[in-house]
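# Coordinate analysis (summary)
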Amino acid sequence: MSQIKRAVSLYSLQDEYATKRLSLEDIFKKTVEFDIEGIELISDQMIRGAPYPSEETVRMWRNLVEKYNRRLVCNDIFINSTLYRNRKLTIKEQIEMLKAEIINAHNLGFSLIRLVSNTDERLMEPALATAEKYNVAMALEIHAGMSFHSAGTGKFLLEMIRLNSPYIGIVVDMGIFCERHPRVARNYFRQFGLNPELADYIDAIFAGGSDPLRYFGRLNGEQAPYPEDFRALIKNPVDREYAIFSEGYENTPFEELEQYMPYLKHIHGKCYEMTEEYEEYSIPYKEAIQYLDSKGYDGYIATEYEGNRFVLLDECVDGLENVRRHQEMLKKYIGR
Amino acid sequence: MSQIKRAVSLYSLQDEYATKRLSLEDIFKKTVEFDIEGIELISDQMIRGAPYPSEETVRMWRNLVEKYNRRLVCNDIFINSTLYRNRKLTIKEQIEMLKAEIINAHNLGFSLIRLVSNTDERLMEPALATAEKYNVAMALEIHAGMSFHSAGTGKFLLEMIRLNSPYIGIVVDMGIFCERHPRVARNYFRQFGLNPELADYIDAIFAGGSDPLRYFGRLNGEQAPYPEDFRALIKNPVDREYAIFSEGYENTPFEELEQYMPYLKHIHGKCYEMTEEYEEYSIPYKEAIQYLDSKGYDGYIATEYEGNRFVLLDECVDGLENVRRHQEMLKKYIGR
Amino acid sequence: MFDNYVFTKDSCKNVEADGKIIGFEIQTLITYYRGIPLSMVYSVEVGVDSIPVPRDMIRISLDRKEWFTLSEAETVSTYKWEYGEPLYIRILAEGGLRKGEHDVRLSISVWPAYYPMPAGGQRTRRVAIE
Amino acid sequence: MFDNYVFTKDSCKNVEADGKIIGFEIQTLITYYRGIPLSMVYSVEVGVDSIPVPRDMIRISLDRKEWFTLSEAETVSTYKWEYGEPLYIRILAEGGLRKGEHDVRLSISVWPAYYPMPAGGQRTRRVAIE
Ligand SMILES: [Mn+2]
Ligand SMILES: [Mn+2]
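Remember, it's a predicted structure, so these values are computed and weren't measured experimentally.

## Description of the overall build of chain C
- Counting secondary structure elements, chain C contains 1 helix and 11 strands.
- Taking 2.2 N^0.38 as the reference for a compact globule, 130 residues should give roughly 14 Å; the C-alpha atoms of chain C span a radius of gyration of 14 Å, in line with that estimate.
- Taken along the three principal axes of its C-alpha coordinates, chain C extends 45 × 30 × 25 Å.
- The buried share of chain C, reckoned over its 130 residues, is 55%.
- Of the contacts formed within chain C by residues at least 6 apart in sequence, a portion of 68% connects residues at least 24 apart.
- When the 16 positive and 18 negative side-chain charges of chain C are each reduced to one mean point, those points stand 3 Å apart.

## Description of the overall build of chain A
- Assigned secondary structure in chain A consists of 14 helices and 8 strands.
- Taken over C-alpha atoms, the radius of gyration comes to 20 Å for chain A, in line with the 20 Å a tight globule of 336 residues would show.
- When its C-alpha atoms are laid out on the principal axes, chain A stretches across 55 × 45 × 45 Å.
- Relative to its full complement of 336 residues, chain A shows a buried share of 61%.

## Observations regarding the packing of helix α5 (residues 91-108) of chain B against helix α6 (residues 124-133) of chain B
All names here are of chain B.
- Relative to each other, α5 and α6 sit at 25°, their axes nearing to 10 Å. When the axis of α5 is compared with that of α6, the two are roughly parallel. Our pair here, α5 against α6, has a crossing hand that is right-handed. Note on element contacts: α6 touches α5 through Met124, Pro126, Ala127, Thr130 and Ala131, opposite Ile95, Leu98, Lys99, Ile102 and Ile103.
- Of the residues that constitute the contact of α5 with α6, the class distribution is 8 nonpolar, 1 polar and 1 charged.

## Topic: the interface of chain C and chain A
- Facing the 29 residues of chain C at the interface are 36 residues of chain A.
- Counting the surface lost from both chain C and chain A, the interface buries some 2,800 Å², and carbon and sulfur atoms represent 52% of this.
- At the junction of chain C with chain A, the criterion picks out 6 salt bridges.
- Linking chain C with chain A are 20 residue pairs in polar contact (both at pLDDT 80 or more), by the criterion used here.
- Put simply, the parts of the chain that give the side of chain C that touches chain A at least two residues each are β3 (36-37) and β4 (41-48) of chain C.

## Remarks on the packing of helix α8 (residues 183-190) of chain B against helix α12 (residues 237-246) of chain B
Residues and elements named next belong to chain B.
- Packing of α8 against α12 brings their axes to within 11 Å, and their N-to-C directions diverge by 165°. Judged on the interaxial angle alone, α12 and α8 are roughly antiparallel. Considering only the axes of α8 and α12, their crossing is right-handed. Counting all contacts with α8, which are made through Ala185, Arg186 and Phe189, the residues of α12 involved are Val238, Glu241, Tyr242 and Phe245.
- The residue makeup of the contact of α8 with α12, split by class, is 5 nonpolar, no polar and 2 charged.

## Description of the coordination of the manganese ion (ligand 1)
Residues and elements named next belong to chain A.
- All of the protein donors around the manganese ion (ligand 1) are Glu141 (OE), Asp173 (OD), His268 (ND1), Glu304 (OE) and Glu304 (OE); their distances to the metal are 2.1 to 2.7 Å.
- Each donor residue of the manganese ion (ligand 1) belongs to the same chain, and together they define the spacing E-x31-D-x94-H-x35-E. One end of the pair, Asp173, is in strand β6 (residues 168-173); the other, His268, is in strand β7 (residues 264-271), with 95 residues separating them in the sequence. For the pair Asp173 and His268, one class covers both residues: buried.

## Looking at the environment of Arg21(B)
Residue and element names in this part refer to chain B.
- Checked against the element boundaries, Arg21 lands in the loop between α1 (14-18) and α2 (24-33).
- The class for Arg21 is partly exposed, based on a relative accessible area of 36%.
- Sequence-distant contacts of Arg21, defined by excluding residues within four places in its chain, comprise Asp15, Glu16, Asp26, Cys316 and Val317.
- Here the side chain of Arg21 touches Asp15 through a polar contact of 2.2 Å, side chain to side chain.

## Some thoughts on the nonpolar core
- Counting 324 residues, the largest nonpolar core has Trp61(A), Leu98(A), Met138(A), Trp61(B), Leu98(B) and Met138(B) as its most contacted members.
- When near neighbours in sequence (up to four residues on either side) are disregarded, Met138(A) contacts Leu98(A), Ile102(A), Ile113(A), Leu115(A), Met124(A), Ala127(A), Leu128(A), Ala131(A), Tyr167(A), Ile168(A) and Gly169(A).

## As for unusual backbone geometry
Residues and elements named next belong to chain A.
- Cis geometry is found at the peptide bond from Ala50 to Pro51, where omega equals 5°.
- A positive phi angle, close to 60°, is found at Asp35, a residue other than glycine.
- Relative to the helices and strands, Asp35 is located in the loop between α2 (24-33) and β2 (38-41).
- The backbone of Asp314 sits at a positive phi, close to 65°, despite the residue not being glycine.
- Structurally, Asp314 is set in the loop between β8 (300-305) and α14 (319-334).
- Using a relative accessible area of 57% as the deciding quantity, one classes Asp314 as exposed.

## Considering the sheet that holds strand β11 (residues 119-129) of chain D
Residue and element names in this part refer to chain D.
- Across the sheet, 4 strands lie side by side as β5-β4-β10-β11; this open sheet has antiparallel pairing. In the strand order of this sheet, the two ends are held by β5 (51-52) and β11, each with one partner.
- Inspection of the sheet shows strand β10 (residues 100-110) paired to β11 by 11 bridges, in the antiparallel sense. Across the sheet, residue Ser107 finds its bridge partner in β11, namely Gln122.

## Looking at the coordination of the manganese ion (ligand 2)
Residue and element names in this part refer to chain B.
- Only Glu141 (OE), Asp173 (OD), His268 (ND1), Glu304 (OE) and Glu304 (OE) from the protein reach the manganese ion (ligand 2) as donors, at distances of 2.1 to 2.7 Å.
- Donor residues binding the manganese ion (ligand 2) come from one chain and are separated in sequence as E-x31-D-x94-H-x35-E. In this pair, Glu141 is assigned in strand β5 (residues 137-142) and Glu304 in strand β8 (residues 300-305), connecting sequence segments 163 residues apart. Glu304 carries the same exposure label as Glu141, and that label is buried.

## Quick notes on the interface of chain B and chain D
- Taken together, the 36 residues of chain B in the interface contact 29 residues of chain D.
- Buried area between chain B and chain D, summed over both chains or domains, comes out near 2,800 Å², and the portion from carbon and sulfur atoms is 53%.
- Counting across the interface, chain B meets chain D through 6 salt bridges.
- Between Glu85(D) and Lys20(B) there is a salt bridge, with the nearest N and O atoms lying 2.7 Å from each other.
- In this structure, the connection of chain B to chain D is made through 21 residue pairs in polar contact (both at pLDDT 80 or more).
- Counting residues per element, the ones that place at least two in the side of chain B that touches chain D are α1, α3 (43-46) and α8 of chain B.

## Brief notes about the domain arrangement of chain A
All names here are of chain A.
- Each assigned domain of chain A is listed here: domain 1 (5-177 + 252-334) and domain 2 (183-245).
- For domain 1 versus domain 2, the separation of C-alpha centres amounts to 27 Å.
- Counting from both sides, the interface comprises 16 residues of domain 1 and, opposite them, 12 residues of domain 2.
- The junction of domain 1 with domain 2 conceals about 1,100 Å² of combined surface from both sides, 57% of it contributed by carbon and sulfur atoms.
- Here domain 1 is connected to domain 2 by 2 salt bridges.
- In this structure, Glu256 and Arg214 form a salt bridge, with 3.4 Å as the shortest nitrogen-oxygen distance.
- Connecting domain 1 to domain 2 are 2 residue pairs in polar contact (both at pLDDT 80 or more).
- Among the residues forming the side of domain 1 that touches domain 2, the class breakdown is 8 nonpolar, 5 polar and 3 charged.

What counts, and where the lines are drawn
- Residues numbered from 1 in each chain as written.
- Chains lettered and ligands numbered in written order.
- Predicted model: local features only at pLDDT ≥ 70, side-chain atom pairs only at ≥ 80, totals over all residues.
- Heavy atoms only, no water.
- Helix = DSSP H or I, 4+ residues; strand = E, 2+ residues; numbered from the N terminus.
- Rg over C-alpha atoms; globule rule 2.2 N^0.38 Å.
- Buried < 20%, exposed > 50% of the residue type's maximum accessible area, 1.4 Å probe, protein only.
- Contact = heavy atoms within 4.5 Å.
- Lys, Arg positive; Asp, Glu negative; His and termini not counted.
- Charge placed at Lys NZ, Arg CZ, Asp CG, Glu CD.
- Axes fitted to C-alpha atoms, helices over the stretch in contact; angles between N-to-C directions.
- Parallel < 35°, antiparallel > 145°, perpendicular 65-115°, else oblique.
- Left-handed = near helix turned anticlockwise from the far one by under 90°.
- Nonpolar A, V, L, I, M, F, W, Y, C, P; charged D, E, K, R; others polar.
- Buried area = accessible area lost by both parts, 1.4 Å probe.
- Salt bridge = Lys/Arg side-chain N within 4 Å of Asp/Glu carboxyl O.
- Polar contact = N/O pair within 3.5 Å; in protein donor to acceptor, adjacent residues only side chain to side chain.
- Donors = N, O, S within 2.8 Å, 3.2 Å for Na, K, Ca; no water.
- Core = buried A, V, L, I, M, F, W, Y, C linked by side-chain atoms within 4.5 Å.
- Pairing = 2+ DSSP bridges.
- Domains from an automatic or database assignment.

See the structure below:
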């Protein structure tokens, strides 16, 4: 039987929250209604003043967690290294910011933070003592477009292996296992004039078992030129943007995960579109969960609905329904 | 008998410290040798990383205080409202900085901070709860050039009276009681080409019982024009600078202090030049102490040697000797 | 991708002070999915009926009390623009918008650390001033 | 008033990296009586034999490891230049100073909050390069 546990990233309900259709407490109620044990948070999104929230704000958060009896799985943090436009923050400044995030995560009740992709690996060793002191592990997100083979992630992985600490690991985003390009994205860009032949070309890359990064030879972050026939299909800036974004979906073989299983702290259950059959349109969850089970993964998968950004102008985002369906799907494949 | 106590501001020995002729511990030893009970500090000067020193630095400081058994009288703080050159910090930002200074002063063992002249009076009410919580009183420096009559100080004094808290008061700098312009300053500016007739003119203003601010009608901060005969003596930029700086010495009647005696937390025993007769060249300490005794002042006077800035190029500053003589003078007039 | 959050509906209004109209104001949510320091706002551009508003006529605020020019905002790293909370944008122009209809355009972007380019959005609304 | 702290004696030297002289370096103490964030440094000007060095050739550092351009330093509010500790000033110029004697001038100022103008000092030293 599967050891995998279910969680939801509150990111999935960000539009409901931003537009004040759901308060933070409403969201907690929904996790109970949908029978989701684990909570993932973006503290910069729903905790006022993070990473320096007032004591009152921290109390409010902890009261909700207690009242609705949820497990805190992961807090997603960011290092604002572009704080000033005249320079990038130094490593020393970034280290101080990371320490503040660790302490804030601890105060909110978390013992895992997700580091956004491209977080500088040089922050790890200096922050390790703080991570240990506050019992907060740090895990880099392995996100499509900046996955195992990319330069920044590669440097982090080497540093992670070198430091070999239970406080340093990875979070895998299921967007690296896309078998199809999300059709909601295609549909979204159509309204701005996307060339359908370009979209067909990309769909065909996936249909052939590959993905744009691999097909264009850009997996290692190199800006290899597009093939002639593809370049000919780029007719306008929207086409160019669509082409760039298409590199944000990867069709990674599950086996690439194997050597990193000891470092796997958590999984983002990415979903762009949950179909009426309760399947994710792009990502083969059934096979993915079978693979994870075969490797003995016993952590969480947290629903991360990202279709919100492809909703047409003035149409309503339905994060709730996507979360509900995604959780039903997880139950089906996990078995509970 | 006088109730006044003696202290020294470590500012007096800043040149010895900066040039590494004296370490912080050497300075503590000197306070013992000179029999000076009280210590005043500029934490930004001698505490690394202030107002966020490491725990180790704080421990080092507290160990010295304990080892040499000194009383901590006052910490001099500043609000860096010019932190960014594209704007002045907002009051909200300045309040946060002041709170950090209060907490740091408390951690270092102080229960009084000196606010530099021109500190915005709007910081007082919002910082008051923190001052109470950490038992640290805040006192604006009444400094010559920015004294009782100046616009900024005036606004602070009104706010101080309105708030009427034991945690808000003033520090008087004895430079407001100059009977003569410091001759070390005159001598210093001579090397750059100061017109001696201009210096004579200013000396004559003091000899007449006034000071440049009063004589020029600028006491309230207004930029009244110079008299014709004075303006004619300004021959070069050094003369202009000397004229401006001459407004940084005031010949305030002692009686102006009377109404503020209830708010008087501490006194800076300013000295520019201690003569071989152990008198301050410009300031009538004997009369000043008599006045303070007559009003029952029972706080500290902390030697604040400022002649260091008028030492000629490559000549050695002798802060130690000036402090020693100033303390001997205080002993003579205080009686112990 | 964040166009839905740009230019809050019905937020465009003339602003009065001391009995005089000193300009007009619009509100927007952040074009990103989390709160960030104000200094990370990369661009704020406003246009009225196809005419771009000069940058130095624009002020921004998180509370309608403290206002910053766009140049000042570049170092305002201590104020956080919270996710889901409005940024107030004022265009200081005596008289404000004339009575009648206008097409007001707002385009705004922020530059998060790990993005290859600013994350922005824009929206034009037909605004009626009475 | 702080001239005595400007341009530390014997501190002017060419700087080598990877076997090549990449410029020269001088040290100075702060022209003020306390430590302040690096962003409050108002001006750093260097001249060699009466020729002013262009601003963008200058780098400053508190530890000789992290170097900032003067433009970058304007927002470096988290690094404190401590009282009595050197600021390292590098002039990036291939080949550095020629052998022989030079008159090197350093002028530097900081702008504390309550000062009406920057607090600065300057000093020219005759430097011998071997
Ligand atoms: Mn993710
Ligand atoms: Mn003083």
